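Structural characterization, general
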Amino acid sequence: MPDATANDPASTAPGAETPRGGSRSGAESAPARSTRPAAAIHGAGVRDLTQGPIARTLLVFSLPILGGNVLQSLNGSINAIWVGRHLGEAALTATANANNVLFALIGLIFGIGMAATILVAQAMGAHNLALAKRVMGTSATVFGLASAAIAGLGWLLSRPILLWMGTPAAALDLAQSYLQLIFLAIPLLYLFAFVQAVLRGAGDSRTPFMFLVLVVVLDTALNPLFIFGWGPVPALGISGSALATLVANAISLTALLLWLRGRRHPLWIGRGERALFRPDVALVRTLIGKGLPMGVQMVMISLAMITMISMVNAYGVTMASAYGAALQLWTYVQMPAMAIGAACATMAAQNVGAGRWDRVSGTARAGVLCNLGMTGVLVALVLLADRHTLGWFLPDGSAALEAARHLNRIAIGSFIFFGITFVLSGVVRSTGAVVPPLIILAVAMWGIRVPVARWLQPLWGSDAIWWSFPISAVCAALMALAYYRWGGWRSARMLPESCMGCPAEVGGQPPAPVAAAIRPAAGGAPVADAGARPAAA
């Protein structure tokens, strides 16, 4: 693919700046975000995304993210195969219902992590390590406490929530036992994801990938051990799958923190810097003010998906398991869009911090083109081989297979348009414009998808649910394109100008790293964006 700025001299000139709003959109002008110090930040894995050819830099940075997403999806699919093929359709339905609940309840906190990642990326683009570490310390404390609270609340409310969703009676007890154990693992799961996402904000996508490999290897090996038992290890059934996830993430998080300490990573908070873990009031306000709208997006996606699966559940276990199998397949289809979109968000945020508005626009163009090509090819391949791919997640001879193929043919094309929305929303949010993407999502999910799925069922039956996906996805992409072209997102800010230049408690490279720093994905995300890896919108 040709580089979006290969022939633009300004795109490679060190320190070149474009006035805010200087794109063809006609957004109002404003001063550049910052004037960077001459010295770049160096250290293990840290990469300056404000230099070099845009398309090539974006692709190289996104490949480890894509690899990590594929590994996580492969891990989830392998677990689904163990559960679906060996424990039955009721168990697969239980995990599908439980995972939707989990994604919804962590959404708000996930938004705080997304805000932290944008702040870190902007600070690294401005070569302001002191600010990046202040963000790390404050967000780690806030996020750690909040994720622990959500874990406790979720454990207590697991069964009432599953009942509210209309979980089939055959799957209810299985879903509850699985979900409660997963809730106990939430602090580990999302602290691990938090560290990875903030490292990506610093331009380091390789280190998170290495430790995702470790998670996948451990989880894949532990799943059959805990599900079926062996020797002194008892057979735990579906709860064993959740326990394997907990243990794998606990080991990998510990290993990642030890690695960061040993490599003296620039974002590691050292023994003499532990005061950075005391929440900074201005940063907390920004994390909540900017993070809540992004978190609400994750919650809206999750609640919409819960509403959809509640409609599907009304058609019985066969249709619910068909939908669960399709969801597993769609996880792979959305991977290129999520990887390129996450890379675009980080790359755009670094260039916003550096005042490189020409590269922000170039990043959006390159990201949309990459997504159209990669997702389009993947959709075509999946349609050609859907009998085999969907069959991986269902027992041999399952009556749900043909239903899964039918709904997949209708809905899978929506991910091409999802990719456009995901990229443009990430670029827009990189400046701090977090409310317009929330409004676009609310209209697409609750103004279009859910009403189409519900109101057209008397006419189309279950097909109304499947057609609601492409209809809402096309509308969301059109709204995102319109706001990117004509909206005022270039004038938004994550932090007040005075806070960007505040003196910090640390001034340079960390001297003696000892303590830790952290964040959440979606990862969507879920998710929801974020990165995280969210689930499909």
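Residue indices begin from 1 for each chain and proceed along its sequence in written order. Local features in a predicted model are, by the rule used here, given only for residues with pLDDT of at least 70; side-chain atom pairs are given and counted only at 80 or more, and totals for whole chains, interfaces and linings are based on all residues. Working from all heavy atoms in the structure, the side-chain values ignore hydrogens and water.

Topic: the environment of Cys344
For the purposes of this entry, the term helix denotes a DSSP run of H or I that reaches at least four residues, the term strand denotes a run of E that reaches at least two, and both are numbered from the N terminus. Tracing the backbone shows Cys344 in helix α11 (residues 335–354). Considered as a pair, Cys344 and Ser430 are 86 residues apart in the sequence and their alpha carbons are 9.0 Å apart. In what follows, a contact means two residues having at least one pair of non-hydrogen atoms within 4.5 Å. Not counting the four nearest positions on each side in its chain, Cys344 is found in contact with Leu58, Thr363, Gly367, Val423 and Val427.

Remarks on the nonpolar core
Among buried residues, those of type Ala, Val, Leu, Ile, Met, Phe, Trp, Tyr and Cys that are joined through side-chain atoms within 4.5 Å constitute a nonpolar core. Residue burial is assigned from relative accessible area. The probe radius is 1.4 Å, only protein chains are included, and a residue is buried under 20% of its type maximum, exposed over 50%, and partly exposed in between. Core analysis: the largest hydrophobic core is formed by 76 residues, its most contacted members being Tyr323, Trp330, Val427, Trp466 and Trp489. When near neighbours in sequence (up to four residues on either side) are disregarded, Trp330 contacts Tyr323, Leu407, Asn408, Ala411, Ile412, Phe415 and Phe469. Core analysis: the second largest hydrophobic core is formed by 61 residues, Ile150, Phe183, Leu257 and Leu267 among them.

A short note on helix α18 (residues 463–486)
With 24 residues, α18 extends 35 Å between its outermost C-alpha atoms, agreeing within 8% with the 34 Å of an ideal straight helix rising 1.5 Å per residue. Of all the positions in α18, only Ala464, Ile465, Trp466, Ser468, Phe469, Pro470, Ser472, Ala473, Ala476, Ala477, Ala480 and Tyr484 are classed as buried. To estimate the expected span of a helix, subtract one from its residue number and multiply by 1.5 Å.

Quick notes on the environment of Asn313
Inspection of the secondary structure puts Asn313 in helix α9 (residues 281–313). Accessibility expressed as a relative area gives 7% for Asn313, which makes it buried.

Regarding helix α10 (residues 317–333)
Between its terminal C-alpha atoms α10 stretches 24 Å, which fits the 24 Å expected from 17 residues at 1.5 Å a residue. Within α10, 13 of the 17 residues are buried, leaving the element largely enclosed by the surrounding structure.

Notes on the layout of surface pockets
Within this scheme a cavity is a closed region of a 1 Å grid, computed over the protein atoms alone, that accommodates a 1.4 Å probe without allowing it to escape, whereas a pocket is open but has protein on both sides within 12 Å along at least five of seven lines; lining residues each have an atom within 4 Å of a point. Grid points are joined across faces, edges and corners, and a volume is the space filled by probe spheres set on the points. Quantified by volume, the second largest pocket comes out at close to 210 Å³. Around the second largest pocket, the lining is made up of 18 residues, and of these Leu329, Tyr332, Leu378, Val382 and Trp392 lie nearest the centre. Every element with two or more residues in the lining of the second largest pocket is listed here: α1 (54–87), α10, α11 and α12 (357–384). Per-element tally for the lining of the second largest pocket: the top contributor is α1, with 6 residues. Within the lining of the second largest pocket, the residues separate by chemical class into 16 nonpolar, 2 polar and no charged. Residues are grouped as follows: Ala, Val, Leu, Ile, Met, Phe, Trp, Tyr, Cys and Pro are nonpolar; Asp, Glu, Lys and Arg are charged; every other residue, Gly included, is polar.

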